[in-house]
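Residue-level structural notes
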Amino acid sequence: MRFGTLDGRFVLVREDQALDVATASEGILPADTLAALKRWDDVLRWSESADWSGAVPLAAEQLGAPVPAPRQVFAIALNYRPHAAEAGFVAPEQPLVFTKFPSCITGPMATVELPDGNVDWEIEVVAVIGRGGYRIPRSSAWEAVAGVTVGQDLSERVLQLAGTPPQFSLGKSHPGFGPTGPVVVTVDELTDRDDIGFESRLGDEIIQHGRTSDLIFPVDDLVARLSAVCPLLPGDLIFTGTPAGVGNRRTPQRFLQPGETLVSRVEGVGEIRQKFTARS
Ligand code: ZN
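Each chain has its residues counted from 1, running along the sequence as written. This being a predicted model, a pLDDT of at least 70 is required before a residue's local features are given, and a value of 80 or more before pairs of side-chain atoms are given or counted; all residues contribute to the totals for chains, interfaces and linings. Only heavy atoms go into the side-chain values, all of them from the structure, while hydrogens and water stay out.

Here the focus is the coordination of the zinc ion. Each metal's donors comprise the N, O and S atoms found within 2.8 Å of it (within 3.2 Å for Na, K or Ca). Water is not part of the atom list, so some coordination spheres may appear incomplete. All of the protein donors around the zinc ion are Glu-122 (OE), Glu-124 (OE) and Asp-153 (OD); their distances to the metal are 1.9 to 2.1 Å. Site description for the zinc ion: donor spacing in sequence, E-x1-E-x28-D. In this pair, Glu-122 sits in the loop between strand S10 (119-120) and strand S11 (123-129) while Asp-153 sits in the loop between strand S12 (145-152) and strand S13 (155-156), placing the two residues 31 residues apart along the sequence. Using a 1.4 Å probe on the protein chains alone, a residue whose accessible area is under 20% of its type maximum counts as buried, one over 50% counts as exposed, and one in between counts as partly exposed. Here Glu-122 falls in the buried class, since its relative accessible area comes to 6%. On the basis of relative accessible area, Asp-153 is assigned to the buried category, the value being 0%. The helix count covers DSSP runs of H or I at least four residues long, the strand count covers runs of E at least two residues long, and both are numbered beginning at the N terminus.

So, on to the domain arrangement of the protein. All the domain ranges listed were derived from an automatic or database domain assignment. Each assigned domain of the protein is listed with its residue range as follows: domain 1 (2-62) and domain 2 (73-277). Each of domain 1 and domain 2 was reduced to a C-alpha centroid, and the two centroids are 25 Å apart. For this analysis, residues touch if any pair of their heavy atoms sits within 4.5 Å. On the side of domain 2, 14 residues touch domain 1, which itself brings 11 residues to the contact. For this analysis, a salt bridge means a side-chain nitrogen from Lys or Arg found within 4 Å of a carboxyl oxygen belonging to Asp or Glu. Counting across the domain 1 and domain 2 interface gives 2 salt bridges. Of the charged contacts, one joins Arg-131 and Asp-41 as a salt bridge, the two residues approaching to 2.7 Å between their closest N and O atoms. Definition of a polar contact: a pair of N or O atoms within 3.5 Å, with one able to donate and the other able to accept a hydrogen when the atoms are protein atoms, and with sequence-neighbouring residues admitted only if both atoms are side-chain atoms. Applying the counting criterion to the domain 1 and domain 2 interface returns 4 residue pairs in polar contact (both at pLDDT 80 or more). Sorting the residues of the side of domain 1 that touches domain 2 by element identifies strand S1 (2-6), helix H2 (33-38) and helix H3 (40-47) as the ones contributing at least two each. Nonpolar residues are Ala, Val, Leu, Ile, Met, Phe, Trp, Tyr, Cys and Pro. Charged residues are Asp, Glu, Lys and Arg, and all others, Gly as well, are polar. Residue classes in the side of domain 1 that touches domain 2 are distributed as 7 nonpolar, no polar and 4 charged.

Let us now look at the nonpolar core. In this description, a nonpolar core means a group of buried Ala, Val, Leu, Ile, Met, Phe, Trp, Tyr and Cys residues linked to one another through side-chain atoms lying within 4.5 Å. One finds Phe-3, Leu-12, Leu-237 and Leu-256 to be the most contacted residues of the largest nonpolar core, which totals 44 residues. Those elements that place two or more of their residues in this core are strand S2 (9-14), H2, H3, strand S6 (73-77), S11 and strand S17 (237-239). Residue assignment places this core across two domains, with domain 1 (2-62) and domain 2 (73-277) each supplying three or more. Beyond its immediate stretch of four places on either side in the chain, Phe-3 contacts Phe-10, Val-11, Leu-12, Val-13, Leu-37, Trp-40, Pro-66, Ala-146, Val-183 and Val-184. Among the nonpolar cores identified, the runner-up in size contains 20 residues, and Val-13, Leu-58, Leu-190 and Ile-196 belong to it.

For the rest of this paragraph, the subject is the side chain of Thr-186. Along the chain, the position of Thr-186 falls in strand S14 (residues 178-186). Overall, Thr-186 belongs to the buried group, its relative accessible area being 2%. Of note is the side chain of Thr-186, whose polar atom sits 2.9 Å from the backbone nitrogen of Met-1. Of the polar contacts made by the side chain of Thr-186, one reaches the side chain of Asp-188; its length is 2.8 Å. Not counting residues within four places of it along the chain, the set of residues in contact with Thr-186 comprises Met-1, Trp-40, Ala-146 and Gly-147.

This is the structure:
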């Protein structure tokens, strides 16, 4: 199953059609995404026999963020060995966790105004929490996850790396710095939930690519470790980390410029697209 939001309402998505869940269920299920995810098992059960006759045609650019207002956004730094190495670190022994403040979360086709500084790309597979829970054992961690979506952990490197020690979260939370979408694909639809391929492009050039089978701390391990401290809530996002190929570790360094378009694709999920404009 695939779900997203259309005009701020929770929808199921099939090919180029969207089904408004609240309308099609005659109000049995809610229109609000967080409310729907709180009833994840009811949504799954209902979706198996949903009547799609009321579905509407859908163009990809109409979709909003699949979870427009998550309560918690976790992000993991240095979770691929080659990226840790290019950043000048040894691989961490426990996940390095920061947040992207939820006001930065946007949909799949956003235009992003570049703030002052050096704005960089980080394609990431994002896990979306469904049932959630507290102190979830790793053996059942995937059952807490609704599915995965595409994300970019856009990062302004000057602010991110200023100070000793640096603070990651602010420089990664400018407006539009958390694009997600286009839909969440449920775990059962993934060919291999622990081996998801992805790549991003600027123009014709592939700038990053990877597979989640190379994660140092895979999704189930992250769910267990994060939920050991913070109860994971329906709709929470986990940006699982980026592979090698970011702009600030290139020689010469390279950052996003006004007029450029960044396209990020996760196999089996789809793509998101950000166009960048100069600071107004
Ligand atoms: Zn990141």
